[in-house]
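Topology and contacts: notes
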Amino acid sequence: MFTDIIQYFATDSDQYLQAVGQHLTLSLTTLLLASLCALPLGYLGSEIPVIAKVATSFAQVLRIIPSLALLFILIPVMGVGTLPAITALFVLALPPLLINTLLGFREVSPQMLEVGTGLGMDAHQLFWQVKFPLALPYILNGIKLALVEIMASATLATYIGAGGLGTLIFTGLGLYRLDLLLIGGVSVALLSLLAMVAFDYVIGRLKNGS
């Protein structure tokens, strides 16, 4: 088996790098789009209770939708390829982003806001110098959770022709090749682990004030 893995990287390293590139592109594109939607909505929810209630309920509903089922639901509407894959992953990424952003801004101490107001800060300054820095660790935690969810679920995008590391996994399943299964599965696990470690490091630094 290990000989097969070495042989694969010796002969098909370009194919592997292409799969990794597709997986990262798909994951990061989805994360960016979901963040652009969820972060402003999460902030608005922290300011307006009605929006918070609707956003939280919406996020909870999205969490119960199986990723594979969502992919197949989108096929008749959007066909196959990258667009339906990003759409499905976008839906999966919204709940952790929304909930953690909402939580982060809600956790900002009113006393800190009073101090900022007492120092003469306007609403714009309060947001960028008080609210956002204090909420940032929670926001980053939401981004971390969303990215890990996206990276794991992006393997299923192979079913609809979006490429990525799932290609290796499902090819390995189809051909009974344990080497491809291991390469694909371990690669996804390592990417997710690296993302978690990197975000945890940044979050820790922010919480420690360094």
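Placed above this text is the structure.
Residues numbered from 1 in each chain as written. Predicted model: local features only at pLDDT ≥ 70, side-chain atom pairs only at ≥ 80, totals over all residues. Heavy atoms only, no water.

A word on the pattern of salt bridges
Taken as a whole, this structure holds 3 salt bridges when the rule is applied. Here Glu47 and Lys131 are joined by a salt bridge, their closest N and O atoms 3.1 Å apart. One end of the pair, Glu47, is in helix α1 (residues 2-47); the other, Lys131, is in helix α6 (residues 123-153), with 84 residues separating them in the sequence. Judged by relative accessible area, Glu47 falls into the partly exposed class, the value being 44%. Linking Arg177 and Asp179 is a salt bridge whose minimum nitrogen-to-oxygen distance equals 2.7 Å. Judged by relative accessible area, which is 34%, Arg177 ranks as partly exposed. (Salt bridge = Lys/Arg side-chain N within 4 Å of Asp/Glu carboxyl O. Helix = DSSP H or I, 4+ residues; strand = E, 2+ residues; numbered from the N terminus. Buried < 20%, exposed > 50% of the residue type's maximum accessible area, 1.4 Å probe, protein only.)

Some remarks on the environment of Ile203
Its place among the elements puts Ile203 in helix α8 (residues 178-207). Sequence separation of Ile203 and Leu191 is 12 residues, and the distance between their C-alpha atoms is 18 Å. Once residues lying within four places of it in the same chain are set aside, the contact partners of Ile203 are Pro137, Leu140 and Asn141. (Contact = heavy atoms within 4.5 Å.)

Observations regarding the nonpolar core
Considering soluble globular proteins, one finds that nonpolar side chains tend to be buried as a cluster. In this structure, Tyr16, Leu26, Leu97, Ile143, Leu165 and Leu168 are the most contacted members of the largest nonpolar core, which totals 50 residues. Broken down by secondary-structure element, the contributors of at least two residues to this core are α1, α2 (49-63), α3 (67-78), α4 (82-106), α6 and α8. Ignoring any residue separated from it by four or fewer positions in sequence, one finds Leu26 in contact with Thr82, Ala85, Ile86, Leu89, Ala154, Ala157 and Ala162. (Core = buried A, V, L, I, M, F, W, Y, C linked by side-chain atoms within 4.5 Å.)

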